[in-house]
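Residues per chain are reported as follows:
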Amino acid sequence: MPRKGFGTLDAMKLFFCEGLIFQEQQHDESPKTGSRRITVVFFQGKKVFITGGSSGIGRAAATMLAGMGAHVWIGARRQDLLDEALEQIRAAANSQEQRFGSVLLDVADREQVSRAARQVLDGMGGLDILVNSAGIARPGYLHELSDETFDSMMNVNFMGTANVVRAFTRHFMQQCSGSIVNVSSTLGFMGIFGYSAYAASKFAVTGFSDCLRQDLLPYGVRVSVLFPADTDTPQLHFEEQFKPPETKAISGTIKAVSADSVAMALLRGLAAGRYHIVPGFMNSLTYYAMRLVPWLVRMVIDADLRKARRQLEADT
Ligand SMILES: NC(=O)c1ccc[n+]([C@@H]2O[C@H](COP(=O)([O-])OP(=O)(O)OC[C@H]3O[C@@H](n4cnc5c(N)ncnc54)[C@H](OP(=O)(O)O)[C@@H]3O)[C@@H](O)[C@H]2O)c1
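None of these values were measured; they are calculated from a predicted model.

K.L.:
An account of the site of the ligand is requested, with residue identities and associated values reported.
P.N.:
What surrounds the ligand is a group of 31 residues, the closest being G52, G56, R77, G135 and Q235. Those elements that place two or more of their residues in the shell around the ligand are α3 (56-67), α6 (147-175) and α8 (234-240). Each residue belonging to the shell around the ligand can be placed in one class, and the counts come to 14 nonpolar, 13 polar and four charged.

Encoded structure:
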């Protein structure tokens with residue numbers, strides 16, 4: 001039953017969200033056999049390094065890759081989480097020939113990144129695919145975010161991605177092959193209330209990747225950008241506690257998708273050589289709407305914002 005005050009915009013959102021849930025269930029439960037086979041063949045024997053591979057989307061991708069016969073190295077800051085993830089990744093392997101490992105690194109620290117890059121190249125004897133999934137998110141009112149929090153998002157999400165890419169660029173140029181995937185976000189192509197620092201860092205990842213794509217094109221190295229929407233991971237759970245009510249009103253009707261479905265979209269997009277990989281139906285709709293009718297998207301989210309502000313005023 002439509003609730004009180006249910007308007008055309010709500011109806012549009014509900015329609016599209018239901019569509020998203022339906023699509024995601026299809027995606028999770030019945031992957032097309034043909035395209036899955038192509039994806040498996042593409043990754044067999046590939047050497048892959050994933051930053052942020054100890055949790056969430058990165059860990060899901062690492063585990064799937066192990067099941068597809070790839071050699072996988074993961075990197076992050078917490079050793080205990082790396083060990084736990086590595087155990088899961090090893091257990092998913094389909095051959096004894098596969099090699100796995102982990103490196104401790106803070107992607108925001110250039111020295112640690114270059115040390116880790118040497119470890120990865122020595123450990124695997126090369127690198128075919130680099131996935132930059134390490135990231136942090138902390139929403140909040142712009143005037144309330146501390147300087148340290150504000151800066152950390154740019155330092156980890158953008159500078160961290162750039163540091164890791166730059167540490168491997170010469171390797172890829174000399175090899176004249178390979179793929180790099182940078183994980184951006186829906187907030188890397190549209191901004192909403194409460195995500196100023198995070199969205200800026202993810203827009204930076206998108207812009208950086210645009211140039212990188214051309215920089216590496218002459219060397220036969222492919223670049224992709226992944227734009228996940230809300231994904232059920234520890235990061236999303238952490239964010240929830242800091243979301244201002246206005247942010248919840250704008251993004252509240254979007255149901256989080258599983259890390260596995262996002263990781264599968266990433267691997268399929270990568271195997272298909274796609275530049276922009278946008279997982280999920282609703283997310284794709286938002287992506288195209290932002291390109292074709294950005295004023296309509298702004299109209300919808302501004303209406304949500306006004307409604308949330310009225311509610312807040314009524315509550316105080
Ligand atoms: N979940 C979502 O709704 C969502 C939506 C859009 C985009 N994304 C993006 O997707 C990527 C993965 O996010 P997730 O949701 O999978 O998050 P997650 O489960 O929290 O995983 C984040 C990973 O990054 C690592 N990491 C964080 N800061 C790091 C640093 N400074 N140096 C090295 N590693 C670091 C974490 O390990 P340590 O903490 O041990 O270092 C962890 O392995 C991020 O870039 C995120 O912004 C997520």
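K.L.:
Tell me about the sheet that holds strand β6 (residues 222-226), residues and numbers included.
P.N.:
Read across the sheet, seven strands follow the order β3-β2-β1-β4-β5-β6-β9 without closing on themselves; strand pairing throughout is parallel. One side of each edge strand has no neighbouring strand; the edge strands of this open sheet are β3 (100-104) and β9 (276-277). Both strand β2 (residues 71-76) and β3 contribute to a ladder of five bridges, which runs parallel. Following the sheet pairing, I74 is matched in β3 by S102. Seen against the sheet, helix α5 (residues 110-124) touches β1 (47-51), β2 and β3 and runs at an angle of roughly 165° to β2. The strands touched by α6 within the sheet are β1, β4 (129-132) and β5 (179-183), with β4 carrying the most contacts at an inclination of about 165°.

K.L.:
How would you sum up the environment of K307? Please name residues and give values.
P.N.:
Assignment of secondary structure puts K307 in helix α12 (residues 294-315). Sequence separation of K307 and I250 is 57 residues, and the distance between their C-alpha atoms is 9.6 Å.

Conventions and cut-offs
Residues numbered from 1 in each chain as written. Predicted model: local features only at pLDDT ≥ 70, side-chain atom pairs only at ≥ 80, totals over all residues. Near = placed C-beta within 6 Å. Helix = DSSP H or I, 4+ residues; strand = E, 2+ residues; numbered from the N terminus. Nonpolar A, V, L, I, M, F, W, Y, C, P; charged D, E, K, R; others polar. Pairing = 2+ DSSP bridges. Contact = placed C-beta atoms within 7 Å. Axes fitted to C-alpha atoms, helices over the stretch in contact; angles between N-to-C directions.

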